[in-house]
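If you want the building blocks of each chain, they are given just below.
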Amino acid sequence: MIAVRGVSKRYGATVALEDVSLEAGPGATHVLLGSSGSGKSTLLRVILGLVQPDTGEVVVDGVPVTPGARRHLVGRVGYVVQEGGLYPHLTAYDNAALPADPVGWTRERVARRIGALAELVGFDDGVLRRYPGELSGGQRQRVGLMRALVLDPPLLILDEPLGALDPIVRADLQAQLRRIFTTLRKTVLLVTHDIREAVLFGSTITLLRDGRVVQQGAFADLARRPAEPFVTQFFGAQAPPPELRDYL
Amino acid sequence: MSAAGVLVLLLSFGVLSFAAPAGAADSVRVGSKSFTESYLLAEIVAQVTERTGEAKVERRFGLGGTGITFRAVAHDSIDVYPEYTGTLSHAVLKDPSAQSVEAIRAALHPQRLTISDPLGFDNTYALGVRAEVARRLGLRRISDLASHPGLRAAFTSGFLEREDGWPGLRRHYGLAALTDVRVIEHALAYQALQSGSVDVIDVFSTDGRLARSALVILEDDRRFFPAYSAVLVARLDFIERFPRSWEAIQRSLVGRIDGPAMVRLNARADLDGQALARVAASFLGREAAATDGRMMLIRELATLSVDHAVLVAVAVAAATLAGVPLGILAARSAALGQIELMVVGVLQTVPALALLCFMIPLLGIGRTPALVALFLYALLPIVRSTYTGLVTIDRQLLEIAGVLGIDGWRRLRRIELPLASVNVLAGVRTSSILTVGTATLAAFIGGGGYGTLIVRGLALDDVRTILAGAVPAAVMALLVHGLFEGVDRLLIPRGVRITLARPGPTRAAH
């Protein structure tokens, strides 16, 4: 479904990515884990066709991605960013419906689709008529998710989708996201710096450091057979979450 | 209504009112410069022409200086205006040997212009010194100034620059030691002299204030100032079309006004505050048509308000139609953007009068060149704010648009312009308010508007007339400000206003 093969990218003398590869088959959830500056964002931008890698290639749904051929991604990839990335001048409804605009859907078709998605994330009509400035953080994130799902793309890319939320909303939305991923059978690439989230969502984890892949595999693999001391260090830096003991 | 809709409406309003004929072929366009004597002589010409009934009269009074006024007659924007032989030979023909009326006539003929015989008085430059200073220092002649280099002089800008003014005078009399020389508006010079803030000013020998001011005219003992006989400059085609009018004008004016008479006429307008029309009528031996001065001012204000509003609306609408795309273009390409912002910025630094003066050969005088100049001045705030509005949009929001397949024109229309709308409208608002002020300068090239009263008030040293122009202009600026409160409400998306009203993004729990 998505394959990243040997991608490297330098900015002058700085290595942003070095020989990064990862793969996620249909319906799989893949977590890109790393602290800030690890190369997560650059990799994401390469996958989205916003940055041309020096070497290597990205194939999404069988189509190679380049900045020149970004159009191919429309309808294939849904993109969710931290805080939703909503446009303040559009209502929640119009924000969610935006991807249908260049595709030329009829008004009725858009309305049907938005209605279905609103039900999925648990919104009533009133919420969709509001502007982003009038929504809570959790609501904004849900609108962002609806927008990513409008064209029903096979691949969902989520960049720190829960980063800006307080713990209660976060737990709530985490559960909802997991349910949605399984019901809709999407391929998911989720970027996070939070181990708890990585474990909750990820069947496979790719741990990045300084633009390189440190280790790839299930959480249990990484925890039990760390490829480098850094893996243990990275896990240890965050308080060991009690609910994760089952995975060990 | 969409932004484009409002603009189209504004523009079509402007174009419609603009399309109304500015100068029909069956009218005589009488011009004047912006000082009392010129206004008075022009008004006399206008009244005589009206009396013949041969043609309608358009008064294009208060034009800004010799450059603008002579260009106006040479480029067929006015038909006739009062001028002085010395000005024609020195400032216009730049040939000091062309002193006589015949010589000047011959020199003007190729431009299809002519001059009348002298009206009977000379209005030469002269230097005036505060009476008390003259007494104390024993000043009687211009050559006496050489031994008092500490004197403070203030000269009008024309006198300061013209070869037959200060530069020539300084050489002729060896006055280089006199260094405290400032520039001053003619109407303010007497006040400055009276209040003691300057000692020497340039005056005109027919100035009405000469009779009643405590000032001494210095004798031109080495005969520097050339003759400045008052004459009328007229277009030959005007004389051919309206021979009876020209005949009547000459009969009433040529050889009919001597120096003291002109001083008296000027004094009545300048010092006694009599209406120009009344002074002119009484010179012609008639009672002025019985008019209520206040009603006339109100009627004139109504006309000028429409003029002024049209100038501002059309100039700003055109500047918006051109400025927003230019701003978009600048935001698209960094190199182009820098060049563009520079050019628009430089335009802003060209003095308004100079810009207006350049435009006369191309566009004549009146509303059109005024609009073009105002348009150019209105551009900068709009281009600048559109550019700023676009380049300060959160990059992530633009990237997301790309990922969503919202590109190019669609991105501009759906995402970028709405997000930049606050800035764009702030620019248009700034531009409109500035233009309300700048539009007062249109009067210098006969463009109408409130400036007409300000220029006339300055010429007549009449504070009430100045205020009659300045106060409505200020009120109009306030109205424009208020109008934009409504336009903002209409054109800035509600969601953007909500976001602006909050200190930061809310993080409220669901």
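Residues numbered from 1 in each chain as written. Chains lettered and ligands numbered in written order. Predicted model: local features only at pLDDT ≥ 70, side-chain atom pairs only at ≥ 80, totals over all residues.

**Re the overall build of chain A**
A tally of helices and strands in chain A yields ten helices and ten strands. On C-alpha atoms alone, chain A measures out to a radius of gyration of 18 Å, which is about the 18 Å that the 2.2 N^0.38 rule sets for 248 residues. Principal axes of the C-alpha set define a box for chain A whose edges measure 55 × 45 × 30 Å. Contacts in chain A between residues far apart in sequence, at least 24 positions, make up 68% of those at least 6 positions apart. (Helix = DSSP H or I, 4+ residues; strand = E, 2+ residues; numbered from the N terminus. Rg over C-alpha atoms; globule rule 2.2 N^0.38 Å. Contact = placed C-beta atoms within 7 Å.)

**What to know about the overall build of chain B**
Per the secondary structure count, chain B includes 22 helices and ten strands. Projected onto the principal axes, the alpha-carbon positions of chain B cover approximately 90 × 55 × 45 Å. Counting only residues that meet the buried cut, chain B has 45% of its 510 residues in that class. (Buried ≥ 20, exposed ≤ 12 C-beta atoms within 10 Å, placed from the backbone.)

**Details of the environment of Arg264(B)**
All names here are of chain B. Within the secondary structure layout, Arg264 lies in helix 12 (residues 259-270). Its 15 C-beta neighbours within 10 Å are what place Arg264 among the partly exposed residues. Residues Arg264 and Arg456 lie 192 residues apart in sequence; the distance between their C-alpha atoms is 19 Å.

**Describing the sheet that holds strand 9 (residues 215-217) of chain B**
Residue and element names in this part refer to chain B. Taken together, the five strands give an open sheet; going across it, the order is 7-6-8-5-9, and neighbouring strands pair in mixed fashion. A strand with exactly one partner marks an edge of an open sheet, and here the two such strands are strand 7 (181-183) and strand 9. Direction aside, the axes of adjacent strands within the sheet are offset by 35° on average. Alignment of strand 6 (residues 153-155) against strand 7, held across three bridges, turns out to be parallel. Opposite Ala153, over in strand 7, you have Val181 as the bridge partner. (Pairing = 2+ DSSP bridges. Axes fitted to C-alpha atoms, helices over the stretch in contact; angles between N-to-C directions.)

**As for the nonpolar core**
Core analysis: the largest hydrophobic core is formed by 185 residues, its most contacted members being Met146(A), Val45(B), Leu311(B), Ala315(B) and Leu374(B). Met146(A) has contacts with Ala96(A), Ile114(A), Leu117(A), Ala118(A) and Val121(A), leaving out every residue within four places of it along the chain. Formed by 26 residues, the second largest nonpolar core is a distinct cluster that contains Val129(B), Phe159(B), Ala189(B) and Val203(B). (Core = buried A, V, L, I, M, F, W, Y, C linked by C-beta atoms within 7 Å.)

**Some thoughts on the confidence of the model for chain A**
Residue-level pLDDT values for chain A average 87, and 95% of them are 70 or greater. Taken element by element, chain A is modelled with least confidence in helix 10 (residues 229-237) of chain A, mean pLDDT 80, and with most confidence in helix 2 (residues 92-97) of chain A, mean pLDDT 94. (pLDDT = per-residue confidence, 0-100.)

**Side note on helix 7 (residues 167-184) of chain A**
Within an α-helix, residues lying three or four positions from one another point in the same direction, as the helix has 3.6 residues per turn. Residues and elements named next belong to chain A. Spanning 18 residues, helix 7 covers 25 Å between terminal C-alpha atoms, matching the ideal 26 Å at 1.5 Å per step. Check the buried side of helix 7 and you find it contacts helix 6 (137-149). One or two positions beyond helix 7, positive phi appears at Arg185, with a value near 55°. (Expected span 1.5 Å × (residues − 1).)

**As for the confidence of the model for chain B**
Residue and element names in this part refer to chain B. Here chain B shows a mean pLDDT of 86. Residues at 70 or above account for 92%. Every residue in residues 1-24 scores below 50 in pLDDT, and together they form 23 contacts with partners more than four places removed in sequence or on other chains. Counting interchain partners and residues more than four positions distant, the pLDDT-below-50 stretch residues 503-510 has 14 contacts. Interface confidence for the predicted complex, expressed as ipTM, amounts to 0.85; the pTM equals 0.74.

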